[in-house]
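Listed below are the residues making up each chain.
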Amino acid sequence: NVKENFRIISKALNMPYENIVLSAQTHTTNIRIVNEEDKGKGIIIPRDYENVDGLITNIRQIPLVTFYADCVPLLLLDPVKKVIASSHSGWRGTVNRMGKVTVEKMVEVFGCEPINIIACIGPSICKDCYEVSADVARAFMEEFADYGYENIVFPKENDKYLIDLWEANRVILKM
């Protein structure tokens, strides 16, 4: 059923199903540069990589597929260099600045200028629903100490906190 859904989406987008490339996520900030040899990896041929939470390419007609559940999709486009990226940013990826890592890789590999990159923070768990323990909240407080973590971390009772992943990723992408 999953493969059939990918076929349906590919057809609707007029993109070749056999070119789809899937990530192999483990909540890291590891990024793979996708090239012609990667076409179909994870969908019609086995992946020869692991621990990849972000994909970047400058090759047209290669759909990049990353997965999210309640984590944050980061979708980036440099319309000048014609480079796209899709990155998965859960709480670990956000604390480790997946958005920044993705932009830096676009700059390093493809010569993108950050000013030209358009970023989209996709739908994910919202700040009213994302409850975390004190250790996770502390990681955010430390990482965003210079950027006003008070707009990202919200204390609750019983040593619990709410985290605004959208705001945290917005701050990272604007750095």
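Here goes a summary of the coordinates provided.

## Let's talk about the sheet that holds strand β10 (residues 160-163)
Note: strands within a sheet are paired through backbone hydrogen bonds, in either parallel or antiparallel orientation. Taken in spatial order, the three strands line up as β8-β10-β9 in an open sheet, and their pairing is antiparallel. Of all the strands in the sheet, just β8 (131-133) and β9 (153-155) have a single pairing partner and so form its edges. Averaged over all pairs of adjacent strands, the angle between their axes in this sheet comes to 40°, without regard to strand direction. Where β9 and β10 come together, three bridges link them in antiparallel fashion. Residue Val153 lies in a different strand from β10, and its bridge partner there is Ile163. Contacts between helix α4 (residues 134-143) and the sheet are confined to β8, β9 and β10, with β8 contributing the most and set at about 95° to the helix.

## Considerations on the pairing of strand β3 (residues 54-57)
Alternating positions in β3 separate into two faces, Gly54 and Ile56 on one and Leu55 and Thr57 on the other, with burial throughout. Two strands pair when backbone bridges link them, and β3 and strand β6 (residues 83-89) are joined in this way by four bridges, in the antiparallel orientation. The residue bridging Ile56 from the neighbouring strand is Ala85, located in β6.

## Some points on the layout of surface pockets
As a volume, the largest pocket reaches approximately 300 Å³. Listed by contribution, the elements that provide at least two residues to the lining of the largest pocket are α3 (98-110), β7 (118-121) and α5 (165-174). Looking at which element gives the most residues to the lining of the largest pocket, the answer is α5, with four residues. Split by residue class, the lining of the largest pocket holds nine nonpolar, one polar and three charged.

## Remarks on α4
For α4, the full list of buried residues reads Ala134, Val136, Ala137 and Phe140. Along α4, the residues classed as buried sweep out an arc of 160° about the axis, all on the same side.

## Brief notes about the sheet that holds strand β2 (residues 31-33)
Strand order in the open sheet made by the five strands is β2-β3-β6-β5-β7, with mixed pairing throughout. The open sheet terminates on both sides in strands that have one partner only, identified here as β2 and β7. In this sheet, adjacent strand axes meet at a mean angle of 15° when their direction is disregarded. Bridge count between β2 and β3: three bridges; the pairing is parallel. Bridging across to β3, Ile31 finds its partner in Gly54. Packing of α3 onto the sheet brings it into contact with β2, β3, β5 (72-78) and β6, and relative to β6 it is tilted by some 155°. Of the strands in this sheet, β5, β6 and β7 are in contact with α5, which crosses β5 at around 30°.

## Brief notes about the pairing of β6
Where burial is concerned, most of β6 is hidden: six out of the seven residues are buried. Relative to β6, β5 is paired through seven bridges, and the arrangement is antiparallel. Its bridge partner being in β6, Leu76 is matched across the sheet by Ala85.

Cut-offs used in this document
- Residues numbered from 1 in each chain as written.
- Predicted model: local features only at pLDDT ≥ 70, side-chain atom pairs only at ≥ 80, totals over all residues.
- Heavy atoms only, no water.
- Pairing = 2+ DSSP bridges.
- Helix = DSSP H or I, 4+ residues; strand = E, 2+ residues; numbered from the N terminus.
- Axes fitted to C-alpha atoms, helices over the stretch in contact; angles between N-to-C directions.
- Contact = heavy atoms within 4.5 Å.
- Buried < 20%, exposed > 50% of the residue type's maximum accessible area, 1.4 Å probe, protein only.
- 1 Å grid on protein atoms, 1.4 Å probe; cavity = no way out; pocket = protein on both sides within 12 Å on 5 of 7 lines; lining within 4 Å.
- Points joined across faces, edges and corners; volume = space filled by probe spheres on them.
- Nonpolar A, V, L, I, M, F, W, Y, C, P; charged D, E, K, R; others polar.
- Arc of directions from axis to C-beta.

Nothing here speaks to function; it is all geometry.
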